[in-house]
Amino acid sequence: MKKILALLLAATMSLGLFACKGNEGETPEETPGGETKTLTGTGEGYGGEVKVTVTMEGDTIKEVVAEGPNETEGIGTPALEQLPAKFVEANSWDVDVISGATWTSNGLIYAMKNALDPTANPWPMAEEEEEEGNVEASDVFFGFGVANMPRKGPGADDKEVQVWSINQVLAGALFDGDGKILHLLVDQVEIASPNYDGAGMPHISGWPGQTGYNIDENHDEKVDGVTENTEDLFLKEVSEWMTKRQRGSDYKMGMSTWEEQMDSYQKLFTGKTVEEIEEWFTKYTSDLNGRPLKDGSDKPEDKAKYDALTADEKAMLADVTSGATMSLNDSHGNIVEAIKLAYENREGLEITEAESRGFGVSFMPRVGPGKDDQDVQVYSFNQVFASTLFDKDGKIVSLHVDQMEVATPNYDGDGMPHFSGWPGQGGYNYDENHDEKVDGKTEDTEENFFSEIQGWKTKRERGSDYKMGMSTWKQQMDAYEELFIGKTVDEIEAWFEKYTSDLNGRPLKDGSDKPEDKAKYDALSVEDKAMLADVTSGATMSLNDSHGDLIAAIRASYENRITINLSVK
């Protein structure tokens, strides 16, 4: 166990133990002025629990011992070393955090509060309930946007093989008639090559049949081998993808988690128009990295930009950076752009109220459809995004579903987003004119990688160009959304079980040549068959097959719902 005592005795500090006492050479027992007692407290550090042992003499803090066995050496440990003396000097828990060790500092501060007043500051910490919002507007619009960002980096692994990643920022926003944000929800998917050493990072090793990719299995910045070049690994990798919100408390970024920092930005942007957000970003963030400006920057450009602000603006930024310091637009993703796209894609909602809203994502890998004329397999992955408003009974009052399908370049569908694998994996067969004949291989270059990712579009963005038999994907999805309004998620799942094919997830129809579908359809009532005839006049595509699981995304949106108490007057 790493145990750090903070003493004001230089000789003792040289022994590696840091303690903090009020008077040199005296113990609390030897010093008059009150009863001596020892208190202990616990808080949450970056790597786990941090503890303090506090020696009190009357109302005076005489000594503090801080322990943090799992705090990162050189990052969290400065707080363990320096804060005990500050607690003694201030005779209070109310001290400034140690720069660069915010998370550990806040954990120790809470541990001191827990030691001094455990009733008001219990451990384990009581979970704070999300304060219920109240949103009112005369007109309400909803928009959803996806901003796709390719990234080279961070760096290369210890074998000098480049790390690559793809970042997708997903923004769903409610706007009023003036374009001001009523409520904002942002999430993000980051997918990297397996030699990215971050724990919990979603991976893709390229497509099966390429080379696999270097993997840092235990996240120690050293390559442990190469991933298996198999379909099984491809299916496993994509099936295990998670958004940054889904990664939750495991995804820490310096001062706090990604989720907590994004929540802070969402509150900041509520009440603003997209134009005002863009102006705020331009004025108050670094031109170098897109992070909010802070006092004391060692970057001349940031310092000059910060120094030019008013005292009120600096105070506002101090408040902002107490909750969020991550970038709003860098190679990790363009959050501002996704919010702007949500505004541009907004549509009016014909609703009177909603108690809660939720956002859900489902990921689906696919082998197929088929192979190209050179017998090379086609692969794809599908991401379904569901944004939902619910009433107090859990019934859907508004539903918006979109989808991203990304395939190998030998998929012959016009307008299909492509991914050729990571640069260095050789490219992939390419059907350039969509005639079901391979025209060559995509270029194995960084430029092609960037061009492909930047060109990705959702199925709604592909619009009238993406036709599926009777109509476009968008038109069929709109028909399903209308069907599901007024239903709970349980009722939607029950509807799916009863009224769709067990073979392909499509709504049942009269005249099927599949015995299983025919038997299931024939067992329905006349009213059920009439309802299905109406449904299939507007939508026949699958609700859950290898193209994507729409039902799972809607279920996830319900499980992730938060209270907003929206009232439309």
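Each chain carries its own residue numbering, running from 1 in the direction its sequence is written. pLDDT decides what is reported in this predicted model: residues at 70 or higher carry local features, side-chain atom pairs at 80 or more are listed and counted, and totals for whole chains, interfaces and linings draw on all residues regardless. Values reported for side chains reflect all heavy atoms of the structure, with hydrogen atoms and water molecules removed beforehand.

J.: Looking at this structure, I do not really get helix α8 (residues 300-307). What am I missing?
T.: The α-helix winds at 3.6 residues per turn, so residues separated by three or four positions along the chain end up facing the same way. Looking only at α8, the buried set comprises Asp302, Lys305 and Tyr306. Projected onto a plane normal to the axis of α8, the buried residues spread over an arc of 95° and lie on a single side. For α8, the exposed residues set more than 90 degrees away from the buried face come down to Pro300 and Ala304. Tucked inside the fold, the buried residues of α8 contact α7 (274-284) and α9 (311-321). Burial classification: accessible surface area is computed with a 1.4 Å probe over protein chains only, and a residue below 20% of its type maximum counts as buried, one above 50% as exposed, and the rest as partly exposed. Secondary structure elements are defined from DSSP: runs of H or I of at least 4 residues count as helices, runs of E of at least 2 residues count as strands, and each element is numbered from the N terminus. The arc under discussion is defined with respect to the helix axis, by the directions toward the C-beta atoms. Residue contacts are defined here by distance: any two heavy atoms, one from each residue, within 4.5 Å place the two residues in contact.

J.: Sorry if this is basic, but what is going on with the pattern of salt bridges here?
T.: A side chain with one charge can pair with a side chain of the opposite charge if their charged atoms come near. In what follows, salt bridge is the name for a side-chain nitrogen of Lys or Arg lying within 4 Å of a carboxyl oxygen of Asp or Glu. For the coordinates displayed, the defined rule picks out 27 salt bridges. Ionic pairing is found between Lys340 and Glu278, a salt bridge with its closest N-O pair at 3.7 Å. In this pair, Lys340 sits in helix α10 (residues 335-344) while Glu278 sits in helix α7, placing the two residues 62 residues apart along the sequence. According to the relative accessible area criterion, Glu278 is partly exposed, its value standing at 29%. Put simply, Arg460, Lys474, Asp478 and Glu481 are held in one network by salt bridges that share partners.

J.: What should I look at first to understand the nonpolar core in this one?
T.: Grouped burial of nonpolar side chains is what soluble globular proteins tend to show. Core analysis: the biggest nonpolar cluster contains 41 residues, and Leu174, Ile204, Phe381, Phe419 and Leu566 have the highest contact counts within it. Those residues within four positions of Leu174 in sequence are excluded, and the remaining contacts are Val140, Phe141, Phe142, Lys180, Ile181, Leu182, His183, Leu349, Arg357, Leu389, Ile564 and Leu566. Among buried residues, the Ala, Val, Leu, Ile, Met, Phe, Trp, Tyr and Cys ones that are joined through side-chain atoms within 4.5 Å form a nonpolar core.

J.: Help me understand the environment of Ile166, please; the structure alone is not making it clear to me.
T.: Turning to its location among the elements, Ile166 is positioned in strand β7 (residues 162-175). Between the C-alpha atoms of Ile166 and Asn148, which are 18 residues apart in sequence, the distance is 7.3 Å. Once you skip the residues sitting within four places of it in the chain, Ile166 turns out to touch Met149, Val189, Glu190, Ile191, Phe419, Trp422, Phe449, Ile453 and Trp456.

J.: What is the right way to read the sheet that holds β7 from this model?
T.: Picture the strands of a sheet paired through backbone hydrogen bonds; they go either parallel or antiparallel. What the 4 strands build is an open sheet, ordered β8-β7-β6-β15; its pairing is antiparallel. Both edges of this open sheet fall to β8 (181-192) and β15 (347-348), since each of them pairs with a single strand only. Any two strands are treated as partners once DSSP identifies two or more bridges connecting them. Here strand β6 (residues 141-156) runs beside β15; their pairing, made up of 2 bridges, is antiparallel. Considered in β15, the bridge of Phe142 is made with Glu347.

J.: What is the right way to read the packing of aromatic side chains from this model?
T.: Within a pair of aromatic rings, the relevant descriptors are the distance that separates the centres and the angle that separates the planes. Any two of the Phe, Tyr and Trp rings considered here, Trp counted by its six-membered ring, make a pair once their centres fall within 6.5 Å; the pair's planes then place it as stacked at under 30 degrees, edge-to-face at over 60, or tilted in between. This structure, assessed with the given rule, holds 22 aromatic pairs. A centroid spacing of 5.6 Å and a plane angle of 40° characterise the contact between Phe144 and Phe385, whose relative ring orientation is tilted. Here the residue Phe144 occupies a position in strand β6, and Phe385 occupies one in strand β17 (residues 377-390), the gap between them amounting to 241 residues. Following the ring pairs from residue to residue traces out a cluster consisting of Trp164, Trp207, Phe234, Trp241, Phe363, Tyr379, Phe381, Phe419, Trp422, Phe449, Phe450 and Trp456. Charges are assigned to positions over rings by a cutoff of 6 Å between ring centre and Lys NZ or Arg CZ, combined with an angular limit of 35 degrees from the ring normal. Taking the ring centre of Tyr251 as reference, the NZ or CZ of Arg247 above it sits at 4.0 Å. Geometry around Tyr466 places Arg462 over its ring, the cationic atom sitting 4.1 Å from the centre.

J.: When you look at the sheet that holds strand β5 (residues 135-137) in this model, what are you seeing that I'm missing?
T.: In spatial order, the strands read β5-β25-β16-β17-β18; together these 5 strands make up an open sheet with mixed pairing. Only two strands of the sheet have a single partner each, and these edge strands are β5 and β18 (396-407). When the angles between neighbouring strand axes are averaged without regard to direction, this sheet yields 30°. Note that strand β16 (residues 353-371) and β17 share 13 bridges and pair antiparallel. Bridge pairing links Val361 to Phe385 in β17. An axis is simply a line fitted to the C-alpha atoms; with a helix, the fit covers only the stretch in contact. Between two such axes, the angle follows the N-to-C directions and lies from 0 to 180 degrees. Its contacts with the sheet put helix α17 (residues 550-559) on β16, β17 and β18, and the angle it makes with β16 is roughly 150°.

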